[in-house]
Amino acid sequence: MSLLQVQNVSRHFGSLIAVNGVTLTVEPGELRAVIGPNGAGKTTFFNLISGFFPPTAGKILFAGQDITALPPHKRVIMGMARTFQITEIFPELNVRENLRIPVEIASGLRLRPWLSKSADARIRERVAELMELGGLTEKADRLVGELSHGDQRATEIMMSLALRPRLLLLDEPTAGMGDQETYDISRLIRRLHKDQGLTIVLIEHDMRVVFNLADRIMVLAEGAVLAEGTPDDIANSEVVQAAYLGKAAA
Amino acid sequence: MTQLLLFNVFNGLIVGAFYALMALGLSLILNLSGVINFAHGGFLAIGAYLAYSLIPYVGFWGALLIAPILTAMIGLLVERFLIRRLYQRDPLYSLLLTFGLAYILEDGTRMIWGAQSLPYVIPDWLTSPLSSEYFFLTGYRLFMVVLVAVAVGALFYILSRTRLGMRIRAGTADLETVSVLGVNVRLLRNLNFGLGIYLAGLAGVLAAGMLGLDPTIGSTLIMPSFVAIIVGGLGSLPGTLLGGLLIGVVSGITTVYFPSASEAVMYVMMGVVLLVRPRGLLGEEGRLQ
Amino acid sequence: MSALTRQRLSLALIWLALLTMPYWMNAVGGYTELGTRVLVLGLAAMALNFLLGFTGVLSFGHAAYFGLGAYGAGMAIKYLAPSTPLAIVIGVVLGTLAGAIIGALIVKLRGVYFAMVTIAFAQVFFFIAIRWNAVTGGDDGLTGWHRHALDLGFGKIDILNNDKAFYYLVLVLFAIAVGLMALLLRSPFGRTLLAIRENERRARFLGLPIEQHIWLSFVISCLFASLAGTLFALLSNFIDPHALHWSQSGNFVIMAVLGGMRSFWGPLVGAAIFVVLQDYVSSHTANWMSIIGLFFVLVVMFFPRGVLGMLRRKAKS
């Protein structure tokens, strides 16, 4: 069964049609990239999947269940986690606390007014594991707001991972990063995909990252699907080249 | 009974007009600058007392013209030297600042004009009833309704037709874009604050003739103005106007049947509105977050 | 000195000062009742700060729950039974219940709008207290009752005539309330509140039902504020509508800000400064309102981080 099925989804803002009848199917274990020129509706599309706002038309299924009308936090509980284009973290808490919060939520402890020693130990262990995986162990006690952009992004990704998601949505994970940071984040994403077998959908501007990582690519333009296929298909597609070059020339 | 009801509905309408006038000023400031001006009632009192002191020299009409302008000038100064410094900070701070100002203004009027209520002279021909059957229809009351209507009409005209007004509306919708387009946002907020305070001053000059003049006149009117904004709808000036009139009339009607609940009823109404329609009657979607 | 030692040391100092307060209050020109008032209002400010500083929700109407606690306690003794514990329980239930209902109406609002609605709602209870003369005593306040000695079964503690004894009763309840709040803030639930304060969007997309958590935080905060209210009424054996007025709400906020919103003990420090200042100013000048108002302005302009916020900054640099 497909993990995510987006069926003919549209979203209007007044007279503006941001997303127009987009269909997308993601299989378990897949790493799918969504690309497209600025204003193609990529982020709106992501917001529809994660439940930021409901679609004007169409249907979204997650693991076979209709989630079209579910609020974001219920989608998270079902196993869908996301990051944002502008990193969303808890700036005045340290890395450890930033990770601890989603770990506790994922363990069903969010309303607990106290913790047993053993539960506390389990949580610490899991937090340590996540910090290790994200390369953040040395920065455990630093406030996240004071970290470099790349480390903040890594923290955000690990926070999402702490939820043990079945699907991870990454909105431009390397936006605004230098070469070294881009490389580090790409490696982290690859590790999550290959080693942990995580299903990932990502929006990305950096074509090196996309062609490096993605199993399949979907191209959006003006709110609609322009092309879909393997990285090779997309690289050789004339329609896509025309869209990108056309934009670049304009 | 009908007459009593009519009397109270009409009374409620007038009081509601004050609430609306005051709430419109509050709304202007809140929408553009995100500041809840707790001192609005204090400014209203200043307007009323300035008019009181001016009447012997320039007469009622002169005071009606000058007092609100003087009040607005004080408002411009307060914005320029105090409130402006807080726009970048958590709204908590501007709230606390205006809270302190409300104390200072109320106490200040008490220091200058005394704690006793003062006689407030309005022209004779305005005070006599127009009809013996509907004794409550005095000229002054009708005059107030008309004047508030004119003021509100003028405000909406300014907002929709003049350059300043259009900028205020554009800034309310999207301040960042407006500032990128080269509008002086600091000046805009300053003038907008002044405009809001002008309305408070005007409400003060009028209200004193009806409610009597004492230093707490402002603090009794401020809370209903908050309710007017919430009931009418956050971010919507027509909503604020509607909210003000509505709570005035509802509390007027309640006075007939259950006088001791005449104040509480507007808060109950607010609760109901929030329950059924959290953004208020005419509130814009998305203003809440 | 490590951060942890310093923290433990200051904690020990705070408790030592509170435990011995009735014995040095007179020496520094105060009186026991003033010390009790600091504790009571400090508790209210700390309860408010649970929302303000640790959930990031701008509540400006806490006089309502404080006042309801106070009226609940007074009316319980006057109309039900001459029992101090019963008065406290009834006051707390009343205030918490009101908080639960109003909280449910407003959890969807944010920022200044939340503030405005909380201020406005608080006024309902003010008007009820003023108009419902027969029961509340109206403008003049609720009189004709007083707190009663505590009956422990094996003996009585005379908290009515011995103001030191009453101080220690308040201190015990204060310690329990403050301990519970501290415990909550260190729990998984407490961390979700910090998460909401830090970044609501992130918290929502980590799977938190934000409204539910804000509501809970609101109710908890109202519970402790109403506990403070009951003690306030018992302290003076009298309660009037001023305790419900919006100016009282503002006072709680300024106490929290003055002491430091981001620190757990800040509001207590703020309350101590504010109460002493108010006591001094109102007995020396008729224009105390202007002075308090000016104080608000000065704190906001020059002291936004509060006393403990400043100290912490200094310690860091």
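Here the structure is a predicted model, which is why all the values come from computation and not from measurement.

### Quick look at the environment of Ser83(C)
Residue and element names in this part refer to chain C.
Phase 1 of the analysis: In this fold, Ser-83 is placed in the loop between α3 (63-80) and α4 (84-106).
Phase 2 of the analysis: Residue class for Ser-83 comes out partly exposed when judged on the 16 C-beta atoms lying within 10 Å of it.
Phase 3 of the analysis: Separated by 63 residues in sequence, Ser-83 and His-146 have C-alpha atoms that sit 9.7 Å apart.

### So, the sheet that holds strand β2 (residues 16-26) of chain A
All names here are of chain A.
Phase 1 of the analysis: Here we have 4 strands laid out as an open sheet, ordered β2-β1-β4-β5, and antiparallel in their pairing. Both outer strands of the open sheet, β2 and β5 (65-66), are each paired with one neighbouring strand and no more.
Phase 2 of the analysis: Note that strand β1 (residues 4-13) and strand β4 (residues 57-62) share 5 bridges and pair antiparallel. Paired with Ser-10 across the bridge in β4 is Ala-57.

### Brief notes about helix α6 (residues 163-173) of chain B
Residues and elements named next belong to chain B.
Phase 1 of the analysis: When we look at burial in α6, the residues that qualify are Arg-167, Ile-168 and Gly-171. Taken around the axis of α6, the buried residues stretch over an arc of 105 degrees, which confines them to a single face.
Phase 2 of the analysis: In this structure, the buried side of α6 is in contact with α1 (2-33), α5 (139-161), α7 (175-180) and α8 (185-211).

### Remarks on unusual backbone geometry
Residues and elements named next belong to chain A.
Phase 1 of the analysis: Backbone geometry at Asn-8 places phi at a positive 55 degrees, although glycine is not the residue there.
Phase 2 of the analysis: With respect to the helices and strands, Asn-8 occurs in strand β1.
Phase 3 of the analysis: Positive phi outside glycine occurs at Ala-63, with the angle close to 50 degrees.
Phase 4 of the analysis: Considering the arrangement of structural elements, one finds Ala-63 in the loop between β4 and β5.

### Notes on the confidence of the model for chain B
Residue and element names in this part refer to chain B.
Phase 1 of the analysis: Summarising the model, chain B shows a mean pLDDT of 87, and 93% of its residues fall at 70 or more.
Phase 2 of the analysis: At the low end of the mean pLDDT range in chain B sits helix α4 (residues 124-127), at 68; at the high end sits helix α2 (residues 40-81), at 93.
Phase 3 of the analysis: Across the interfaces of the predicted complex, the ipTM metric reaches 0.89, alongside a pTM of 0.91.

### Let's talk about the pairing of β1(A)
All names here are of chain A.
Phase 1 of the analysis: Sheet analysis places β1 next to β2, joined by 7 bridges and oriented antiparallel. Bridging across to β2, Gln-5 finds its partner in Thr-25.
Phase 2 of the analysis: Here β1 folds back onto β2, and the loop between the two strands holds 2 residues, one of which, Gly-14, carries a positive phi near 60 degrees.

### So, the packing of helix α2 (residues 32-52) of chain C against helix α7 (residues 163-185) of chain C
Residues and elements named next belong to chain C.
Phase 1 of the analysis: Viewed as axis vectors pointing N to C, α2 and α7 meet at an angle of 15 degrees, and their least axial separation amounts to 10 Å. The angle between α2 and α7 places the two elements in the roughly parallel class. For the crossing formed where α2 meets α7, the hand is left-handed. Contact residues: α2 offers Thr-32, Glu-33, Gly-35, Thr-36, Leu-39, Val-40, Leu-43, Met-46 and Phe-50, while α7 offers Asp-163, Lys-164, Phe-166, Tyr-167, Val-170, Leu-171, Phe-174, Ala-177, Val-178 and Met-181.
Phase 2 of the analysis: In terms of residue class, the contact of α2 with α7 is built from 13 nonpolar, 3 polar and 3 charged.

### Examining the sheet that holds strand β8 (residues 199-203) of chain A
Residue and element names in this part refer to chain A.
Phase 1 of the analysis: Judged by pairing direction, the sheet is mixed, and its 6 strands sit side by side in the order β6-β7-β8-β3-β9-β10 without closing on themselves. Two strands lie at the open edges of the sheet, namely β6 (80-82) and β10 (224-229), each paired on one side alone. Recorded for the sheet is a direction-independent mean angle of 20 degrees between the axes of neighbouring strands.
Phase 2 of the analysis: Inspection of the sheet shows strand β7 (residues 167-171) paired to β8 by 5 bridges, in the parallel sense. The partner of Asp-171 across the bridge, within β8, is Ile-203.
Phase 3 of the analysis: In the packing of helix α1 (residues 42-50) onto the sheet, contacts are made with β3 (31-35), β6, β7, β8 and β9 (216-221), and the angle to β7 comes to roughly 150 degrees.

### Observations regarding the packing of helix α11 (residues 246-259) of chain C against helix α12 (residues 266-284) of chain C
Residue and element names in this part refer to chain C.
Phase 1 of the analysis: In the contact formed by α11 and α12, the axes pass within 6 Å of each other and the chain directions differ by 115 degrees. The angle between α11 and α12 falls in the class roughly perpendicular. Crossing angle aside, the handedness with which α11 passes α12 is right-handed. Here Asn-251, Ile-254, Met-255, Ala-256, Val-257, Leu-258 and Gly-259 of α11 come into contact with α12, specifically with Gly-266, Pro-267, Leu-268, Val-269, Gly-270, Ala-271, Ile-273 and Phe-274.
Phase 2 of the analysis: When its residues are assigned to classes, the contact of α11 with α12 shows 11 nonpolar, 4 polar and no charged.

What counts and what doesn't
Residues numbered from 1 in each chain as written. Chains lettered and ligands numbered in written order. Predicted model: local features only at pLDDT ≥ 70, side-chain atom pairs only at ≥ 80, totals over all residues. Helix = DSSP H or I, 4+ residues; strand = E, 2+ residues; numbered from the N terminus. Buried ≥ 20, exposed ≤ 12 C-beta atoms within 10 Å, placed from the backbone. Pairing = 2+ DSSP bridges. Arc of directions from axis to C-beta. Contact = placed C-beta atoms within 7 Å. pLDDT = per-residue confidence, 0-100. Axes fitted to C-alpha atoms, helices over the stretch in contact; angles between N-to-C directions. Parallel < 35°, antiparallel > 145°, perpendicular 65-115°, else oblique. Left-handed = near helix turned anticlockwise from the far one by under 90°. Nonpolar A, V, L, I, M, F, W, Y, C, P; charged D, E, K, R; others polar.

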